Amino acid sequence: MDIRQRITILVVSTFVAIASIGGYATYQSRGNANQVKLVTEGVVPSALASADLVSQLKDVQLATMNLVSAPDANLVSQIKTRLTGQKAKLQSSLELQQQQADSDTQRGLVQQAKESLHNYFSAVDDTANFKVAGQNELAAATLFAGVAQYQTELEQIIDTLRIEKTRSKDAAIASLNSRLASTVSALSVVTVLAIVVLSAIGFMLYRQIIRPIGRMQSMMSEIATSQDFTRRVPVERADEIGRSTEAFNAMLAKIQESSAQLKQKTTDIQAMLQNMPQGILTVVAGSRIHHEYSAYLETILETNDVPNRDVMALIFSDTHLGADVLSQVEAAIGSCIGEDAMNFDFNAHLLVGEVEKRMPDGRVKILDLNWSPITDDNDTVVRLMLCVRDVTELRKLALEANEQKHELEMIGEILAVSQEKFHEFIVSALTFIDENEIVLHRHIEPDADALAQLFRNMHTIKGNARTYGLQHLTNVVHEAEQTYEALRKPRPDIAWDQDSLLAELAGVRAAVERYSHINEVSLGRRGPGRRGVTERYLLVDKGEILETLHRLETVNTGNLHELVAARDAVRKTLRLLGTEPIAATLGAVLDAVPALAAELGKATPSIRIDDNGYVIRNQASGLLKNVFMHLVRNAVDHGLEAADVRTAAGKAANGLLRISLAVADGTLQVALWDDGRGLALLRIRAIAVERGLVSVDEPLSDDEIANLIFRPGFSTAERVTDISGRGVGMDAVQDFVRREGGKIAIRFTDDAVGANFRQFKTVISLPDSYAIQVDDNQLEHLRDASAHAEAQPLSQRGEVSTL
Amino acid sequence: MAQVLVVDDSSTVRNEVCDFLKANGLTVVPATDGKDGLDKLRADSSIKLVVSDVNMPNMDGLTMVEKIRGELKNSTVNVIMLTTENSPAMKERGKAAGVKGWIVKPFNGASVLATFKKLVV
């Protein structure tokens, strides 16, 4: 049942109760009023009238006695008339009494009184008649006999009637009193009953309305206080309270949903702030930094003292910015926060976008600063957001990329000039520079002749550089030439400053030396070179250089990833300059193998090269060529057996030579081995004893015996052959290798310790800077390039294969 | 009849601001200090925007703005302060007098022009 219905019921029942009490009271009072009226208008006057009858009767008696004693007829007549009136009065009084009689007893008594009155007045009339007739004695006798008798009788009747009336009156009053008393008590009972019933209904309503509302209110307050929106107020009823509770619960669900969303958003933002690789902070009024900022900011600034710091102190201290710029930044920040958004537009250009900040340990970081306003609904700037990016690496890469670009352009320029001509140019340019330096040192004052020579020299360098298309150098030289030119036509604003002229000349020298360095180191074109050799070193084609240049020119310098990729690509290209595959390095040596084998009466061996993705720097080419010429000859001569010996031993008639490249522990290891009979340890020992290198009974391990071959003048050949016996033994090979900072060693590859013959590898170890690792594509490209550079492509030389 | 009143005791700044605004199609009247500014504003009711320096002889910029609002009972003219620095106290005083914006010197025309054009309509 609804609360509305309950309250309606309460009101209606209250109304009904009041109406019934009122109705009952009205009914009772109306009855009582009749009773009172009856008593006051009927019973009491009637009782009084009955008492009055006695006095009227006394008057009649008195008049009758006066009549009897009246002296004359005139008076008699008067009294008679008066008696007639009194009779009528008495009769009417009795009529009234009869009307007012309320019981049979009274009516009987009135009837008797009437009859007695009639008799009484007959006697009075008789008396009067006798008197009128002058019969005084008869009159007196009638009076005392008849009248007195009837009078006594009448008096008795009337007295009885009076007594009866009085009794009736008393009874009526008593009945009225009891009625009034019962009315009072009945009303009291009804009222008390009504109060009880209404109280009961009220209490029930209280229980059913006020208490649930109170409970609901306290639950709501509790939820509001605890902010625990997962809770619900139990719905126990279907009335307004139940529906209110449902609505409240629905609202809670909404709040829960919203707060969950808010929580999620907050978590997201927190996660972003925690994990994004960017420094983000907001500046609030007073240039203070809000306590919520991205974690990475601490990494960038290398401090965790961030919250509530002054932004000027945190970001701008120890930067390259001057005091005036800083005060502008501070004023601009102050002008924006708390003001209309237009103020950001006015002053944003003063908010510095990049600073160089010195860290406590002296490193300098370049920070990219991005400012944006955070406004409220009124378009007032409440905070400034500042994104801080550490672009040190990016700037460095951009710089590096630029350097690389220059270098690539210079390489392009250099490669367009033959090695010989380039060498001549460098030598002559340095000579001119030396001359200029001497001239400059000699003159602390301007001198026309000196200037003429300086200009002439510089002009010659410029002319040559221009002829060879060395653009970068031309620009630098042109600057110097212009300086001399200006000094030749004296102007007051240009003074002869020896120091700056020397510095400028040093710049020219550095530019020339840079070209020279690229030529010698990156391109491996040391010295004047020989005709025909130049092309051998052009291992990266010009197209690739142009492509790489293009890549550098179009790279987005604001994008770290793109820059890194470009840098790596260019670095690869640059690293590959002056390198070649081992197959190319050893091309000439391996080409000679068939002829060598034929000369030594061996079947032409197969050659397998396993470069493991490494290419060799040109600097190592000479050494490797020299060393391998001897090692390959030794292998074919001493290692591989003659075809018939091999066949007898169950091997293929033509042997196998293997060469492998590997980089391990910081060294490049170039190994050579063959599938011949192995290292003749017994013979080596015998020869060593024969040559007096060791005593006959000296205990030697296999390794020690093997190392004897590196001893000067050692030769293992049973006869001095044309090839191996020219006096260039393994001692000479070891010298070559050691001179280039390398090592040579024999490594056994079998477990036959103490055997006469043991399988082995000869391993040359060089610094790993001589090797460059490349990917398959590049390697393919390089193999092709080196193959094309040869008259006969390496890959087409039947027995040579590379892996 | 002008749209913008430029108040600055430095003729360099005054001329620079005036020239820039004129070159960009705004009508300008210059004033050399707060007193002069008040007189010019009193004489020309068509002025919609006041660009004023703060520190000036005779009458400073903020006092001028207070008088514009008080004595002149002009509550509609837009006021923008051109200053080298600002303190919270200055900004508070400016806000109370209805200063709309603060431009930190040096004056950079490009960053204010669009807003100025809106403010003189």
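**Comments concerning the overall build of chain B**
Part 1 of the argument: In terms of regular secondary structure, chain B is built from 5 helices and 5 strands.
Part 2 of the argument: When its helices and strands are written in sequence order, chain B yields β-α-β-α-β-α-β-α-β-α.
Part 3 of the argument: Dimensions of chain B, computed from the C-alpha atoms along their principal axes, are close to 35 × 30 × 25 Å.
Part 4 of the argument: Put simply, chain B has 121 residues, and 55% of those count as buried.
Part 5 of the argument: For chain B, the proportion of contacts with a sequence separation of at least 24, taken over those separated by at least 6, is 62%.

**Points about the overall build of chain A**
Part 1 of the argument: What chain A contains, in helices and strands, is 25 helices and 16 strands.
Part 2 of the argument: Taking 803 residues into account, the globule formula puts the C-alpha radius of gyration at 28 Å, and chain A, at 73 Å, lies well above it.
Part 3 of the argument: The proportion of buried residues among the 803 residues of chain A is 40%.
Part 4 of the argument: Put simply, of all contacts in chain A between residues at least 6 apart along the chain, 67% involve residues at least 24 apart.

**Details of the packing of aromatic side chains**
Two aromatic rings, taken as a pair, are described by how far apart their centres are and by the angle between their planes.
Part 1 of the argument: Considering all chains together, one arrives at 6 aromatic pairs over all chains under this definition.
Part 2 of the argument: Between the aromatic rings of Phe346(A) and Phe116(B), the centroid separation amounts to 5.8 Å while the plane-to-plane angle is 85°, which identifies the pairing as edge-to-face. Residue Phe346(A) is found in helix α9 (residues 342–347), and its partner Phe116(B) is found in helix α5 (residues 109–119); the two belong to separate chains.
Part 3 of the argument: By the ring-pair criterion, three or more aromatic residues cluster together here, those being Phe422(A), Phe425(A) and Tyr468(A).
Part 4 of the argument: Geometry around Phe748(A) places Arg758(A) over its ring, the cationic atom sitting 4.2 Å from the centre.

**What about the pattern of salt bridges?**
Oppositely charged side chains are able to pair whenever their charged atoms sit close together.
All names here are of chain B.
Part 1 of the argument: A complete count under the given rule lists 38 salt bridges over all chains for this structure.
Part 2 of the argument: Measuring nitrogen to oxygen at the nearest pair gives 3.4 Å for the salt bridge that ties lysine 105 to aspartate 8. Here lysine 105, found in the loop between β5 (99–104) and α5, pairs with aspartate 8, found in the loop between β1 (4–7) and α1 (11–23); they are 97 residues apart in sequence, far enough to count as distant. In this pair, the class of lysine 105 matches that of aspartate 8, namely buried.

**Observations regarding the interface of chain A and chain B**
Part 1 of the argument: Each partner contributes to the interface: chain A provides 16 residues, whereas chain B provides 19 residues.
Part 2 of the argument: Contact with chain B buries surface across chain A, with Glu339(A), Met342(A) and Phe346(A) losing the most and accounting together for 39% of the total.
Part 3 of the argument: Counting the contacts that link chain A with chain B gives 1 salt bridge.
Part 4 of the argument: Linking chain A to chain B there are 11 residue pairs in polar contact (both at pLDDT 80 or more).

**Topic: helix α4 (residues 136–226) of chain A**
All names here are of chain A.
Part 1 of the argument: Compared with the 135 Å implied by 1.5 Å per residue over 91 residues, the 126 Å span of α4 between its first and last C-alpha is a close match.
Part 2 of the argument: For α4, the principal kink sits at leucine 143 and spans about 35°.
Part 3 of the argument: Just downstream of α4 lies glutamine 227, where phi reads positive at about 60°.

**What about the sheet that holds strand β3 (residues 354–358) of chain A?**
All names here are of chain A.
Part 1 of the argument: If you walk across this open sheet you meet the 5 strands as β2-β1-β5-β4-β3, and the pairing is antiparallel. Each edge of the open sheet is held by one strand with a lone partner, namely β2 (288–289) and β3.
Part 2 of the argument: Here 5 bridges tie β3 to strand β4 (residues 364–375), and the two strands are oriented antiparallel to one another. Bridged to glutamate 354 within β4 is aspartate 368.
Part 3 of the argument: Across the sheet, helix α10 (residues 392–415) is in contact with β3, β4 and β5 (381–390); its angle to β4 comes to roughly 120°.

**Some thoughts on a negative patch on the surface**
Part 1 of the argument: On the surface, Asp697(A), Glu698(A), Asp703(A) and Glu704(A) cluster together into a negatively charged patch.
Part 2 of the argument: Looking at the secondary structure, you find Glu704(A) in helix α23 (residues 702–707).

**Looking at the nonpolar core**
All names here are of chain A.
Part 1 of the argument: Among the nonpolar cores identified, the biggest contains 53 residues, and Leu624, Phe628, Val632, Val670 and Ile764 are the most heavily contacted of them.
Part 2 of the argument: Counting residues per element, this core draws most heavily on helix α20 (residues 621–639), which supplies 8 residues.
Part 3 of the argument: Within the second largest apolar cluster, 50 residues are counted, among which are Leu408, Ile426, Leu473 and Leu549.

**Focus: the layout of surface pockets**
Part 1 of the argument: The computed volume of the second largest pocket comes to approximately 420 Å³.
Part 2 of the argument: Secondary-structure elements contributing two or more residues to the lining of the second largest pocket are α8 (323–336) of chain A together with α4 (88–96) of chain B.
Part 3 of the argument: Here the lining of the second largest pocket gets 5 residues from one element, more than from any other, and that element is α8(A).

**Here's the deal with unusual backbone geometry**
Part 1 of the argument: With omega at 10°, the peptide bond leading from Lys105(B) into Pro106(B) counts as cis.
Part 2 of the argument: With respect to the secondary-structure elements, Pro106(B) resides in the loop between β5 and α5.
Part 3 of the argument: Its identity is not glycine, yet Ser287(A) carries a phi of approximately 60°, on the positive side.
Part 4 of the argument: Topologically, Ser287(A) is positioned in the loop between β1 (279–284) and β2.
Part 5 of the argument: For Asn308(A), which is not glycine, the phi torsion reads 70° and is therefore positive.
Part 6 of the argument: Within the secondary structure, Asn308(A) sits in the loop between α6 (296–301) and α7 (311–316).

**Description of the sheet that holds strand β3 (residues 49–53) of chain B**
Residues and elements named next belong to chain B.
Part 1 of the argument: Taken in spatial order, the 5 strands make up an open sheet running β2-β1-β3-β4-β5, and their pairing is parallel. Looking at which strands have only one partner, the edges of the open sheet turn out to be β2 (28–31) and β5. Going across the sheet, the axis of each strand differs from the next one's by a mean of 20°, ignoring polarity.
Part 2 of the argument: Where β3 and strand β4 (residues 78–83) come together, 5 bridges link them in parallel fashion. Note on β4: the bridge partner recorded for serine 52 is methionine 81.
Part 3 of the argument: Packing against the sheet, α4 makes contact with β4 and β5, and its axis sits at approximately 145° to β5.

**Comments concerning helix α24 (residues 730–739) of chain A**
Residues and elements named next belong to chain A.
Part 1 of the argument: Every buried residue belonging to α24 is among Met730, Asp731, Val733, Gln734 and Val737, and all of these are buried. Down the axis, α24 shows its buried residues gathered within 155° of arc, on one side only.
Part 2 of the argument: Buried residues along α24 sit in contact with α20, β12 (743–748) and β14 (760–767).
Part 3 of the argument: One or two positions beyond α24, positive phi appears at glycine 741, with a value near 80°.

**With respect to the packing of helix α1 (residues 3–69) of chain A against α4(A)**
Residues and elements named next belong to chain A.
Part 1 of the argument: α4 packs onto α1 with a crossing angle of 170° between their chain directions and a minimal axis gap of 9 Å. Classed by the angle they form, the pair α1 and α4 counts as roughly antiparallel.
Part 2 of the argument: When grouped by side-chain class, the residues that make up the contact of α1 with α4 number 37 nonpolar, 18 polar and 7 charged.

**Quick look at the pairing of β4(A)**
Residues and elements named next belong to chain A.
Part 1 of the argument: The antiparallel hairpin formed by β3 and β4 contains 5 residues in its connecting segment, where glycine 362 sits at a positive phi of about 100°.
Part 2 of the argument: Both β4 and β5 contribute to a ladder of 9 bridges, which runs antiparallel. Opposite asparagine 370, over in β5, you have cysteine 387 as the bridge partner.
Part 3 of the argument: Two successive antiparallel strands, β4 and β5, enclose a turn made up of 5 residues, where aspartate 379 displays a positive phi of approximately 65°.

**A word on the environment of Thr14(A)**
Residue and element names in this part refer to chain A.
Part 1 of the argument: With respect to the secondary-structure elements, threonine 14 resides in helix α1.
Part 2 of the argument: Accessibility expressed as a relative area gives 23% for threonine 14, which makes it partly exposed.
Part 3 of the argument: Taking the C-alpha atoms as reference points, threonine 14 and histidine 550, separated by 536 residues in sequence, lie 101 Å from one another.

**Let's talk about a nonpolar patch on the surface**
Part 1 of the argument: A surface patch of nonpolar side chains, amounting to about 300 Å² of accessible area, comprises Val12(A), Phe15(A) and Val16(A).
Part 2 of the argument: By relative accessible area, which is 62% here, Phe15(A) ends up exposed.

**Section: the confidence of the model for chain A**
All names here are of chain A.
Part 1 of the argument: Mean pLDDT over chain A works out to 84, with 92% of the residues at or above the 70 mark.
Part 2 of the argument: Low pLDDT (under 50) marks residues 530–539, which in the prediction has 16 contacts with non-local residues, meaning those over four places away or in another chain.
Part 3 of the argument: Confidence drops under pLDDT 50 across residues 716–727; counting only partners more than four residues distant or on other chains, this segment forms 20 contacts.

**Some remarks on the state of the cysteines**
All names here are of chain A.
Part 1 of the argument: Using the criterion set out here, one finds 0 disulfides over all chains in the structure.
Part 2 of the argument: Free cysteine cysteine 336: the closest other cysteine sulfur is in cysteine 387, separated by 16 Å.
Part 3 of the argument: A relative accessible area of 0% means that cysteine 336 is categorised as buried.

Quick notes on the rules
- Residues numbered from 1 in each chain as written.
- Chains lettered and ligands numbered in written order.
- Predicted model: local features only at pLDDT ≥ 70, side-chain atom pairs only at ≥ 80, totals over all residues.
- Heavy atoms only, no water.
- Helix = DSSP H or I, 4+ residues; strand = E, 2+ residues; numbered from the N terminus.
- Buried < 20%, exposed > 50% of the residue type's maximum accessible area, 1.4 Å probe, protein only.
- Contact = heavy atoms within 4.5 Å.
- Rg over C-alpha atoms; globule rule 2.2 N^0.38 Å.
- Phe/Tyr/Trp six-rings, centres within 6.5 Å; stacked < 30°, edge-to-face > 60°.
- Lys NZ or Arg CZ within 6 Å of the ring centre and 35° of its normal.
- Salt bridge = Lys/Arg side-chain N within 4 Å of Asp/Glu carboxyl O.
- Buried area = accessible area lost by both parts, 1.4 Å probe.
- Polar contact = N/O pair within 3.5 Å; in protein donor to acceptor, adjacent residues only side chain to side chain.
- Expected span 1.5 Å × (residues − 1).
- Bend = angle between axes of the 7 residues up to and from the residue.
- Pairing = 2+ DSSP bridges.
- Axes fitted to C-alpha atoms, helices over the stretch in contact; angles between N-to-C directions.
- Patch = residues over 30% accessible without salt bridge, like charges linked within 9 Å, V, L, I, M, F, W, Y side chains within 5 Å.
- Areas by Shrake-Rupley, 256 points an atom, 1.4 Å probe, with all protein chains shown as cover.
- Lys, Arg positive; Asp, Glu negative; His and termini not counted.
- Charge placed at Lys NZ, Arg CZ, Asp CG, Glu CD.
- Core = buried A, V, L, I, M, F, W, Y, C linked by side-chain atoms within 4.5 Å.
- 1 Å grid on protein atoms, 1.4 Å probe; cavity = no way out; pocket = protein on both sides within 12 Å on 5 of 7 lines; lining within 4 Å.
- Points joined across faces, edges and corners; volume = space filled by probe spheres on them.
- Arc of directions from axis to C-beta.
- Parallel < 35°, antiparallel > 145°, perpendicular 65-115°, else oblique.
- Nonpolar A, V, L, I, M, F, W, Y, C, P; charged D, E, K, R; others polar.
- pLDDT = per-residue confidence, 0-100.
- Disulfide = S-S within 2.5 Å.

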